[in-house]
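Given next are the chains, with one letter for each unit.
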Amino acid sequence: KALHQAFSDIPEDQWAPIPYFLKGAALAEIAYTPFATKKDPLPVRLIVRRVPPTPGSQLALYTDYSYHAFITIAHNLVRWVARIGLEETLVMTKTMRRRYFSMPGRITTSARKDMLHLPTNWPWATRFSAALAALRAILLPLRI
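About the thresholds
- Residues numbered from 1 in each chain as written.
- Predicted model: local features only at pLDDT ≥ 70, side-chain atom pairs only at ≥ 80, totals over all residues.
- Heavy atoms only, no water.
- Helix = DSSP H or I, 4+ residues; strand = E, 2+ residues; numbered from the N terminus.
- Buried < 20%, exposed > 50% of the residue type's maximum accessible area, 1.4 Å probe, protein only.
- Contact = heavy atoms within 4.5 Å.
- Areas by Shrake-Rupley, 256 points an atom, 1.4 Å probe, with all protein chains shown as cover.
- Lys, Arg positive; Asp, Glu negative; His and termini not counted.
- Charge placed at Lys NZ, Arg CZ, Asp CG, Glu CD.
- Phe/Tyr/Trp six-rings, centres within 6.5 Å; stacked < 30°, edge-to-face > 60°.
- Lys NZ or Arg CZ within 6 Å of the ring centre and 35° of its normal.

## Structural notes on the overall build of the protein
Part 1: Helices and strands together make up the secondary structure of the protein, namely four helices and six strands.
Part 2: Its helices and strands in sequence order give the protein the pattern α-β-β-β-β-α-α-β-β-α, from N to C terminus.
Part 3: Across its three principal axes, the protein shows a C-alpha extent of roughly 65 × 40 × 40 Å.
Part 4: For the protein, the residues scored as buried account for 22% of the 144 residues in total.
Part 5: Long-range contacts, defined as pairs at least 24 residues apart, comprise 34% of the intrachain contacts of the protein with a sequence gap of at least 6.
Part 6: Accessible surface for the protein amounts to roughly 11,800 Å². Of this, 59% is attributable to carbon and sulfur atoms.
Part 7: Of the charged side chains in the protein, 19 are positive and 9 negative; the average position of the first set lies 12 Å away from that of the second.

Right under this line is the structure:
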């Protein structure tokens, strides 16, 4: 209920229209504190997308929009790694976590150089190495 209340409290002028196949789709950004009743809660940046209902969708009575929200930090990193490193457009976060983020591996240092040792028969070793090389090849802008 608190999350739905946070969505409805967003002022209309904070919604930015987005090009979408449904007219009326928009994005907004809010600060939200999940688990606010727990000890030491931390606010997060929450991106909220709203879309008008499509024909045949089942929404609650008197509902004008369907809302989709996500916390941006980890979500954006997963999307960029999938898009730039793996050259994949649609890959689930769960798949990324299972294949790449929770992999068993070891980092060692020899001659002041870090080495990543991947499992011998790990099925995604080649793709992971290629993605790592692609991400490392991105040139960072120089600060002047």
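Let's pick the thread back up.
## A word on the packing of aromatic side chains
Part 1: Scanning the entire structure with this criterion turns up seven aromatic pairs.
Part 2: On the basis of an interplanar angle of 20° and a centroid distance of 6.4 Å, the ring pair of Tyr100 and Phe128 is categorised as stacked. With Tyr100 in helix α3 (residues 93-101) and Phe128 in helix α4 (residues 125-136), this residue pair connects regions lying 28 residues apart in the sequence.
Part 3: Exposure remark for Tyr100: the relative accessible area of 6% places this residue in the buried category.
Part 4: Each ring, one from Trp122 and one from Trp124, has its centre 6.4 Å from the other, and the planes form 75°; the classification is edge-to-face.
Part 5: By way of ring pairs, the aromatic residues Phe7, Trp15, Tyr65 and Tyr67 are connected into one cluster.
Part 6: When the ring centre of Trp15 is taken as origin, the NZ or CZ atom of Arg50, which lies over that ring, is 4.4 Å away.
Part 7: Positioned above the aromatic ring of Tyr65, the side-chain terminus of Arg50 is 4.2 Å from the ring centre.

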